[in-house]
Amino acid sequence: MRGVKRPVIVITVVAALGAATVQAWSDVRQARAFRRLLAEGDAALGRGETSAAIEAFSGAVVLRPQSMLPYLKRGDTYRRQGQLDSAERDLTQAQALDPTAPQPLELAGDVRMTRGDAAGAVTPYRAYLALDDRAPRLQYKLGLALYRSGDPAAAADAARHALALDPNLAEAHQLLGVAALAQGRTDEAAAALTRALKLQPASDATRATLVDLYAAQERTRDETAQREALATLDAARPEGLVSLALAQLRHGRSDAAVATLARAAERFPGSPVVANATGRLWLDLAETTGDSPAIQQAIGVLAPAAARENASSETLALYGRALLLNGDLKPAQATLLRATTRFPIERNAFLQLSAAEARLGHREAARVALARHAALTEH
């Protein structure tokens, strides 16, 4: 009997060892496949191929559904694609699989910020910092979420925490500047924004905030310098030069404004933005000084822009205003009628039309246009 059992035991042991070997080899192959899929997904992301990355990370999820990493990577990729519901689902799963991992919390906050839910982003950012409070980037993100949620005091505190960890984090200096400015702490705001600008000289957001600060403080020279810098940084668009010219006009420097707009017209020929700003400048000067040549300058600038089939309501309203000042009542009326049919309708188009109709003796038409102006401005 003993002689019969021994072969059976040996066979059983050998079979078990064989099964274990097969299982071990299967586990090794699965681990290799898992790592390969993650690497393929990362490589696809590096090439900007988000769909291929999602496919690879999905394969990794199938192989190891209890692993946090593929859910994290796929959730981040969905976020980059703008598929925010899918991103949130995967990041929630990643958090559930590894509650000690801070990365899913950061990305969950990022998803909510992308949704425009800054208040909702505060919770995951704070949860991240509860796990790791030495992360200056997360202190900044928390501060930004708080600022956009309408709590500038808490935002400033978060920015200060970030800067205590990394004094060279330009974004945190910029956030501290805008948060301090919102609280009326202009000296702290100026210091923070100036430091941010030293760290990131090309930051148009910081310079734009400094423009607002200097304008509020009536520091005309500093405001103008920042506007000049913004125009230089935004050399591909005319808005910087136009903004500079309008500021020069507000400060009583009409000659400088004319020169700036001439630069803009030379750099951006045919730009409606430049034409509108230049026409508005000449019209304001004409109405302020009674200068007839200024009216002709406005007409000369605005006529080509208004002749375009896609001319905006703003352009047509300005041209109609110029014709009205020049005494060309019928052309002014026709132009202003066109201005009131283009959307978005220029705020004063109906008001100018009312004036044109009144001067033509069309009392009822003038009254209707005035009523429509009142209704438009109420909204």
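Quick note: structure is the one above.
The model shown is predicted, which means the values in this text are computed figures rather than measured ones.

Bringing the overall build of the chain into the picture now. Check the secondary structure of the chain and you find 20 helices and zero strands. Relative to the globule expectation of 21 Å for 379 residues, the C-alpha radius of gyration of the chain, 33 Å, shows a markedly less compact shape. Counting only C-alpha atoms, the chain reaches 130 × 45 × 40 Å along its principal axes. Counting contacts in the chain only where the partners sit at least 6 residues apart, residues at least 24 apart contribute 46% of the total. Taking the average place of the 45 positive charges on the side chains of the chain and the average place of its 41 negative ones, the gap between the two points comes to 7 Å.

Its 14 residues place the ends of helix H6 (residues 118-131) 21 Å apart at the C-alpha level, agreeing with the 20 Å of an ideal helix rising 1.5 Å per residue. Along H6, the positions that sit buried rather than exposed are Ala 118, Gly 120, Ala 121, Val 122, Pro 124, Tyr 125, Tyr 128 and Leu 129. Where the residues of H6 are buried, they touch helix H5 (103-115) and helix H7 (136-148).

The topology assignment puts Ser 51 in helix H2 (residues 50-63). Taking the C-alpha atoms as reference points, Ser 51 and Gly 41, separated by ten residues in sequence, lie 9.3 Å from one another.

Below, the discussion takes up the pattern of salt bridges. Within the structure shown, the criterion is met by 25 salt bridges. Of the charged contacts, one joins Glu 88 and Arg 112 as a salt bridge, the two residues approaching to 3.5 Å between their closest N and O atoms. Here Glu 88, found in helix H4 (residues 84-97), pairs with Arg 112, found in helix H5; they are 24 residues apart in sequence, far enough to count as distant. When the shortest N-O distance is used, the salt bridge between Arg 321 and Asp 284 registers 2.9 Å. Here Asp 284 lies in helix H15 (residues 272-289) and Arg 321 lies in helix H17 (residues 313-325), a separation of 37 residues in the sequence. Residue classification places Asp 284 among the partly exposed residues on the basis of a relative accessible area of 29%. Because the salt bridges share partners, they merge into one network encompassing Asp 85, Glu 88, Arg 112 and Arg 115.

What counts and what doesn't
- By convention here, each chain's residues receive numbers from 1 onward along its written sequence.
- For a predicted model such as this one, the threshold for reporting local features is a pLDDT of at least 70, and the threshold for listing and counting side-chain atom pairs is 80 or more; totals across whole chains, interfaces and linings nevertheless cover every residue.
- Water and hydrogen atoms play no part in the side-chain values, which are based on all heavy atoms of the structure.
- The secondary structure listing takes helices from DSSP runs of H or I that are at least 4 residues long and strands from runs of E that are at least 2 residues long, numbered from the N terminus.
- We compute the radius of gyration from the C-alpha atoms alone; for a globule the expected value is 2.2 Å times N to the 0.38, where N is the number of residues.
- By definition, residues are in contact when any of their heavy atoms lie within 4.5 Å.
- For the purpose of charge, His is not counted, nor are the chain termini; Lys and Arg are scored as positive and Asp and Glu as negative.
- In this description, the location of a charge corresponds to atom NZ of lysine, CZ of arginine, CG of aspartate or CD of glutamate.
- Every helix has an expected span of 1.5 Å times one less than the residues it contains.
- Residue exposure (1.4 Å probe, protein chains only): buried if accessible area is under 20% of the type maximum, exposed if over 50%, otherwise partly exposed.
- Any carboxyl oxygen of Asp or Glu that lies within 4 Å of a side-chain nitrogen of Lys or Arg is treated as forming a salt bridge with it.

Bear in mind that shape data such as this cannot, by itself, settle questions of function.
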